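Listed here are the chains, written in short residue letters.
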Amino acid sequence: MRDVSGQAAPGMTGRQWWVLAVRGACAIVFGILAIIWPLITLLTLVVLFGIFAIVSGIFTLVGAFRGHHPGGSRMWMIVAGVLGVIAGIIAWIWPGITAFALLMLIAAYAVVIGVSEIIAALRRRKAGETEWMWVITGVLSVIFGILLFVWPAPGALALTWLIGIFAIVYGVSLLVLAYRVHDLGHRGAAGTAAHAM
């Protein structure tokens, strides 16, 4: 959203940076644990994924209900948040899940969340926001999900490494996005203040 001077309205996207940062940090922690824990059991991986999906979903919902979200992007953030929580709950209430079923659950989660993020990003762009990192994080998630669907990792170790690497890359992209959103918020506020002087 922009004011009549053409400056980004302060406090609109800038308020959400910490939500993105928390999601990114959770993804990185999840990824690191999956990689450095070579003897991780399937049950432990399920529990870790459940925690990650629920925490990420909750913070996505928090971000959806805070601040202004142009172009109907709020609805898609809510969709992503709810689906994240549901995926985490499914992982927890299905303790006997097989490696293949877990793979498909994570793949479906990644694709649906990625598509939701891309749609939200495109709606933001129509409303005047041009931060392409929103789209990049969504595309990364979709690509990872598709890779899991078409090229399942052979063996538990390969599966945990693949999931861990994606989680770290996705988390880093969210942290970069958080920094960009925070920076845009500051620049918008500074520009508005300068215009008012």
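Analysis parameters
Residues numbered from 1 in each chain as written. Predicted model: local features only at pLDDT ≥ 70, side-chain atom pairs only at ≥ 80, totals over all residues. Heavy atoms only, no water. Salt bridge = Lys/Arg side-chain N within 4 Å of Asp/Glu carboxyl O. Helix = DSSP H or I, 4+ residues; strand = E, 2+ residues; numbered from the N terminus. Buried < 20%, exposed > 50% of the residue type's maximum accessible area, 1.4 Å probe, protein only. Phe/Tyr/Trp six-rings, centres within 6.5 Å; stacked < 30°, edge-to-face > 60°. Contact = heavy atoms within 4.5 Å. 1 Å grid on protein atoms, 1.4 Å probe; cavity = no way out; pocket = protein on both sides within 12 Å on 5 of 7 lines; lining within 4 Å. Points joined across faces, edges and corners; volume = space filled by probe spheres on them. Nonpolar A, V, L, I, M, F, W, Y, C, P; charged D, E, K, R; others polar. Axes fitted to C-alpha atoms, helices over the stretch in contact; angles between N-to-C directions. Parallel < 35°, antiparallel > 145°, perpendicular 65-115°, else oblique. Polar contact = N/O pair within 3.5 Å; in protein donor to acceptor, adjacent residues only side chain to side chain. Core = buried A, V, L, I, M, F, W, Y, C linked by side-chain atoms within 4.5 Å. Expected span 1.5 Å × (residues − 1).

**Some details on the pattern of salt bridges**
Here the structure, examined in full by the defined rule, presents one salt bridge. For arginine 23, the salt bridge identified is with glutamate 117, shortest N-O distance 2.9 Å. Of the two residues, arginine 23 sits in helix H1 (residues 17–36) while glutamate 117 sits in helix H4 (residues 99–126), which places them 94 residues apart along the sequence. Of the two residues examined, arginine 23 and glutamate 117, each falls in the buried class.

**Regarding the packing of aromatic side chains**
Tallied over the entire structure, the rule returns five aromatic pairs. Ring centres of phenylalanine 166 and tyrosine 170 lie 5.4 Å apart, and the angle between their planes is 25 degrees; on these two criteria the pair is classed as stacked. One end of the pair is phenylalanine 166 and the other is tyrosine 170, both in helix H6 (residues 156–196) and four residues apart, which spans about a single turn. Overall, phenylalanine 166 belongs to the buried group, its relative accessible area being 14%. Owing to a relative accessible area of 4%, tyrosine 170 belongs among the buried residues under this scheme. Through a chain of ring-to-ring contacts, three or more aromatic side chains come together here, namely Phe30, Phe49, Phe52 and Tyr109.

**A short note on the environment of leucine 43**
Take leucine 43: it is sitting in helix H2 (residues 42–65). The spacing of leucine 43 and tryptophan 94 is 51 residues in sequence and 9.7 Å in space, taken between C-alpha atoms.

**Observations concerning the side chain of threonine 137**
Of note, threonine 137 is situated in helix H5 (residues 133–150). Sequence-distant contacts of threonine 137, defined by excluding residues within four places in its chain, comprise Glu117, Tyr170, Ser173, Leu174 and Leu177.

**Examining empty space enclosed by the protein**
If you walk through the whole model with that rule in mind, you get three cavities of 30 Å³ or more. Here the largest cavity is characterised by a volume of approximately 170 Å³. Lining the largest cavity are 17 residues, and of these Leu20, Arg23, Met77, Glu117 and Trp134 lie nearest its centre. Of all the elements in the fold, those that place two or more residues in the lining of the largest cavity are H1, helix H3 (73–93), H4, H5 and H6. At five residues, H4 tops the list of elements feeding residues into the lining of the largest cavity. For the lining of the largest cavity, the per-class residue count stands at eleven nonpolar, four polar and two charged.

**Section: the packing of H1 against H2**
In the contact formed by H1 and H2, the axes pass within 9 Å of each other and the chain directions differ by 175 degrees. By the angle class used here, H1 and H2 are roughly antiparallel. Residues Trp18, Val19, Val22, Arg23, Cys26, Ala27, Phe30 and Leu33 of H1 touch H2, and the partners they reach there are Leu45, Leu48, Phe49, Phe52, Val55, Ser56, Phe59, Thr60, Val62 and Gly63. Along the lines of polarity and charge, the residues of the contact of H1 with H2 split into 14 nonpolar, three polar and one charged.

**What to know about the side chain of arginine 23**
We classify arginine 23 as buried; its relative accessible area is 8%. A distance of 3.0 Å separates the side chain of arginine 23 from the side chain of tyrosine 170, its partner in a polar contact. For arginine 23, the residues in contact, after removing those within four places along its chain, are Phe52, Ser56, Phe59, Thr60, Ile113, Glu117, Tyr170 and Leu174.

**Some details on the nonpolar core**
Membership of the largest hydrophobic core comes to 40 residues, with the highest contact counts inside it found for Phe30 and Phe49. Counting residues per element, the ones that place at least two in this core are H1, H2, H3, H4, H5 and H6. By residue number, the principal contributor to this core is H4, which donates eleven residues. Excluding anything up to four places from it in sequence, phenylalanine 30 contacts Leu45, Leu48, Phe49, Phe52, Ile163 and Ala167.

**Comments concerning H1**
Side chains that are three or four residues apart share a direction in an α-helix, a result of its 3.6 residues per turn. Taking 1.5 Å of rise per residue, the 20 residues of H1 would be expected to cover 28 Å, and the 28 Å separating its terminal C-alpha atoms lies within 8% of that figure. Along H1, the residues classified as buried are Val19, Leu20, Ala21, Arg23, Gly24, Ala27, Ile28, Phe30, Gly31, Ala34 and Ile35.

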